Amino acid sequence: MQQIIEGCFLLFLIVIAVKDIQTRTVSPIALIFGGMISITTQLLFKRMDFWIVFGGAAIGAVCMMISKFTKEGLGYGDSLVILILGTYLGFYDLLLVLSTAVFLLLCVSIPALCIRKMSRKYALPFLPFLTCGYILLLLIGGMDR
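Residues numbered from 1 in each chain as written. Predicted model: local features only at pLDDT ≥ 70, side-chain atom pairs only at ≥ 80, totals over all residues. Heavy atoms only, no water.

Description of the packing of helix H2 (residues 28-45) against helix H4 (residues 76-89)
At a minimum axis separation of 8 Å, H2 and H4 run at an interaxial angle of 15°. Relative to H4, the element H2 is oriented roughly parallel. Pair H2 / H4 crosses with left-handed handedness. Seen from H2, the contacting residues are Leu31, Gly34, Gly35, Ser38, Thr41 and Gln42; seen from H4, they are Leu80, Val81, Ile84, Thr87 and Tyr88. Its residues placed into classes, the contact of H2 with H4 shows 5 nonpolar, 6 polar and no charged. (Axes fitted to C-alpha atoms, helices over the stretch in contact; angles between N-to-C directions. Helix = DSSP H or I, 4+ residues; strand = E, 2+ residues; numbered from the N terminus. Parallel < 35°, antiparallel > 145°, perpendicular 65-115°, else oblique. Left-handed = near helix turned anticlockwise from the far one by under 90°. Contact = heavy atoms within 4.5 Å. Nonpolar A, V, L, I, M, F, W, Y, C, P; charged D, E, K, R; others polar.)

In structure tokens, the structure reads:
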């Protein structure tokens, strides 16, 4: 059952990552779908302690505040996906996915800046990197189950 849930969540992340690349937006329907997977998983299977789930959601809430104060330097859609991921993965696993995503983003953006393929004002979509971080941690078995 766990693999089915992970597959559905992976499908959710892939769909929103592709949409983010194409249009720089996140579909509200996709966000509702991801939120339903996340909340249903926690309610039905009680995968982890409440405080770990709360901590993951709190990271998402902090990202929402960052979005507000930076005038969407980090987009609201990205922050909502981080909030959903936080309720699905919990505090520690969300930190692993986020740190992996930021590392991958740096691995792409620093060389692109150095060879002048993009300027400092160019904003890369974050959700593809978040999806890659999730996939990498699934593949290496880094997430608590």
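Now that the structure is up, let's keep going.
Section: the packing of aromatic side chains
One pass over the structure, following the stated rule, counts 7 aromatic pairs. Ring geometry for Phe50 and Trp51: centres 5.0 Å apart, planes at 75°, overall edge-to-face. In this pair, the class of Phe50 matches that of Trp51, namely exposed. Between Trp51 and Phe54 the ring centres are 5.6 Å apart and the planes differ by 80°, which places this aromatic pair in the edge-to-face class. Here Trp51 and its partner Phe54 are both found in helix H3 (residues 50-69), 3 residues apart, which amounts to about one turn of the helix. Judged by relative accessible area, Trp51 falls into the exposed class, the value being 58%. Grouped by ring-pair contacts, the aromatic residues Phe9, Phe12, Tyr88 and Tyr134 constitute a single cluster. (Phe/Tyr/Trp six-rings, centres within 6.5 Å; stacked < 30°, edge-to-face > 60°. Buried < 20%, exposed > 50% of the residue type's maximum accessible area, 1.4 Å probe, protein only.)

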